[in-house]
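Geometric and topological summary
Listed here are the chains, written in short residue letters.
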Amino acid sequence: MNDQFYMAQALRLAEQGLYSTHPNPRVGCVIVLDQQVVGEGWHRRAGEPHAEVHALKQAGRRAQGATAYVTLEPCSHHGLTPPCAEALVNAGVQRVVMAMQDPNPQVAGQGAALLRAQGIEVDILDGALSIAARQLNCGFIKRMEQGQPFVRLKLAMSLDGRVAMASGESQWITGVAARADVQKLRARSSAVITGADTVMTDNARLTVRAEELPLSAEQKNLALLRPPLRVLIDGRLRVPTDAPFFMAGPVLVATYQTPPTDTASIDYIQLPERNGHVDLTVLLQKLAALGMNELMIEAGPQLAGAFMQAGLVDELYIYMAGMLLGSSAQPLMQLPVDYMADAVQLNIKEVRALANDWRIIAQPVKR
């Protein structure tokens, strides 16, 4: 039996939940009997059946004596749904193959132990598929292991590294294909973070725009049922509460000021001040405590640079347009560096053309 082949299929199923499972991990399951797939499933939304339950329902009696391929260790605790490990036992599955152990302390090996205690063979894969499983749930894993969300910084720039004209004008640097890709990035995020300057200068709303979201009908519908939380960092409470940003749905405002008491429709979180700004590390810890797995930062040069300087960015998505904005335009971020030895080194993971633009995915090299 080709474990790699069936696990790859389970991972493809798990990817269908990329936009909808928050705060849960994305999980896929394939059940195989006599070299034939008899059941498959993927987790769609928190509170709904997990991937194993969907796959077992499809397999029916054919799950007896079968092998289940699951991208994440089956849960062993009662949450919003019953334990999947027990469901596999009750179905008579003979073997369970996992891509990785669940980092959630409520599971963390206990699911595998429950299965083995019932005489079920359990194998955990390593290598490329295990890495792919971790990448698929990078935010969930980081939140469980480090108490921090996975942070992506999205930037759009011209070929000469500029993000806006000196006046602040910036729409649109990139084209339709790049903007559609950004909508997918927003939709997969647990929260989108921005700053006061961006909201006031661009009249930004930072919502997921359904008409620009290039997904299947099912994925789009699920994504729109779980829009990302929009977080505004506004230390001095400069953004007026009648700004378009507040009219577009739920918002969490992070500030170091005492929140007003006359705005019942807006949620505030008061955080410590650090060098005249909201303490970004504490903000991320608070968002992790709220169950936020993946954060997307869409902000101006100052806030983008602040996240970079604080070492809080895990991944950069840089969209580069084939245009030159000139030397008087605003730089990519405010990131003062005086010596080459202090330059921020990046690992380039991917460079891809999006019509007339380019998308660069990079990771900062941790010093």
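The paragraphs below set out a description of the structure included in this document. (Residues numbered from 1 in each chain as written. Predicted model: local features only at pLDDT ≥ 70, side-chain atom pairs only at ≥ 80, totals over all residues. Heavy atoms only, no water.)

Here the focus is the sheet that holds strand S8 (residues 191–195). Pairing is mixed across the open sheet formed by nine strands, whose spatial order is S11-S10-S9-S8-S14-S6-S15-S18-S17. Both outer strands of the open sheet, strand S11 (267–270) and strand S17 (346–354), are each paired with one neighbouring strand and no more. Across the sheet, the mean angle separating the axes of adjacent strands is 25 degrees when strand polarity is ignored. (Pairing = 2+ DSSP bridges. Helix = DSSP H or I, 4+ residues; strand = E, 2+ residues; numbered from the N terminus. Axes fitted to C-alpha atoms, helices over the stretch in contact; angles between N-to-C directions.)

Moving on: the packing of aromatic side chains. Inspection of the entire model under this criterion finds three aromatic pairs. Their ring planes at 80 degrees and their centres at 5.2 Å tell us that Phe5 and Tyr6 sit as a pair that is edge-to-face. Given a relative accessible area of 47%, Phe5 falls into the partly exposed group. Both rings, one in Phe245 and one in Phe246, keep their centres 5.9 Å apart while their planes meet at 80 degrees; by these two values the pair is edge-to-face. Just as Phe245 is buried, Phe246 falls in that class too. The structure contains a cluster of three or more aromatic residues connected by ring pairs, namely Phe5, Tyr6 and Tyr69. (Phe/Tyr/Trp six-rings, centres within 6.5 Å; stacked < 30°, edge-to-face > 60°. Buried < 20%, exposed > 50% of the residue type's maximum accessible area, 1.4 Å probe, protein only.)

For helix H9 (residues 217–225), every residue scored as buried is listed here: Gln219, Leu222 and Ala223. One side of H9 holds all its buried residues, which, seen down the axis, span an arc of 100 degrees. For H9, the exposed residues set more than 90 degrees away from the buried face come down to Ala217 and Leu225. Along its buried surface, H9 packs onto strand S2 (36–42) and helix H7 (176–188). (Arc of directions from axis to C-beta. Contact = heavy atoms within 4.5 Å.)

We now examine unusual backbone geometry. Cis peptide bonds are those with omega within 30 degrees of zero, and the linkage from His22 to Pro23 qualifies with 0 degrees. Along the chain, Pro23 falls in the loop between helix H1 (3–14) and strand S1 (28–33). For Gln35, which is not a glycine, the phi torsion comes out positive at approximately 65 degrees. Secondary-structure assignment places Gln35 in the loop between S1 and S2. Assessed through its relative accessible area of 45%, Gln35 is described here as partly exposed. Phi is positive for Leu237, close to 55 degrees, though the residue is something other than glycine. As for its position among the elements, Leu237 is in the loop between strand S9 (229–233) and helix H10 (244–247). Leu237 sits in the partly exposed class, given a relative accessible area of 29%.

Moving residue by residue along a regular strand, the side chains alternate between the two faces of the sheet. Of all the five residues making up strand S10 (residues 251–255), five are buried; the element is thus mostly covered by neighbouring parts of the structure. Inspection of the sheet shows S9 paired to S10 by four bridges, in the parallel sense. Bridge assignment links Val231 to a residue of S10, and that residue is Leu252.

Here we take up the packing of helix H5 (residues 128–136) against helix H6 (residues 138–146). Pairs of packed helices are described in terms of their axes, by the angle between the two and the distance that separates them. Where H5 meets H6, the closest approach of the two axes is 5 Å, and the angle between their N-to-C directions is 80 degrees. Here H6 runs roughly perpendicular to H5, going by the angle between their axes. On the side of H5, the interface is formed by Arg134, Gln135 and Leu136, while H6 contributes Cys138, Ile141 and Glu145. Of the residues belonging to the contact of H5 with H6, the class tally is three nonpolar, one polar and two charged. (Parallel < 35°, antiparallel > 145°, perpendicular 65-115°, else oblique. Nonpolar A, V, L, I, M, F, W, Y, C, P; charged D, E, K, R; others polar.)

Between helix H3 (residues 84–91) and helix H4 (residues 110–117), the least distance of the axes is 9 Å, while the angle of their chain directions is 20 degrees. What the angle tells us is that H3 and H4 run roughly parallel. Regarding H3 and H4, the two cross each other, and that crossing is right-handed. Along the contact surface, H3 presents Ala85, Glu86, Leu88 and Val89, while H4 presents Gly111, Leu114 and Leu115. When the residues that make up the contact of H3 with H4 are grouped by side-chain class, the tally is five nonpolar, one polar and one charged. (Left-handed = near helix turned anticlockwise from the far one by under 90°.)

The next thing to look at is the pattern of salt bridges. Per the stated rule, a full pass over the model turns up 20 salt bridges. Across the pair Lys349 and Glu315 runs a salt bridge, and its minimum N-O distance is 2.7 Å. Taken together, the residues span a long stretch of sequence, with Lys349 in strand S17 and Glu315 in strand S15 (residues 315–321) at a distance of 34 residues. Taking the relative accessible area as the measure of exposure, Lys349 reaches 44% and is therefore partly exposed. Among the ionic contacts, a cluster of salt bridges with common partners joins Arg26, Arg152, Arg188, Glu294, Glu315 and Lys349. (Salt bridge = Lys/Arg side-chain N within 4 Å of Asp/Glu carboxyl O.)

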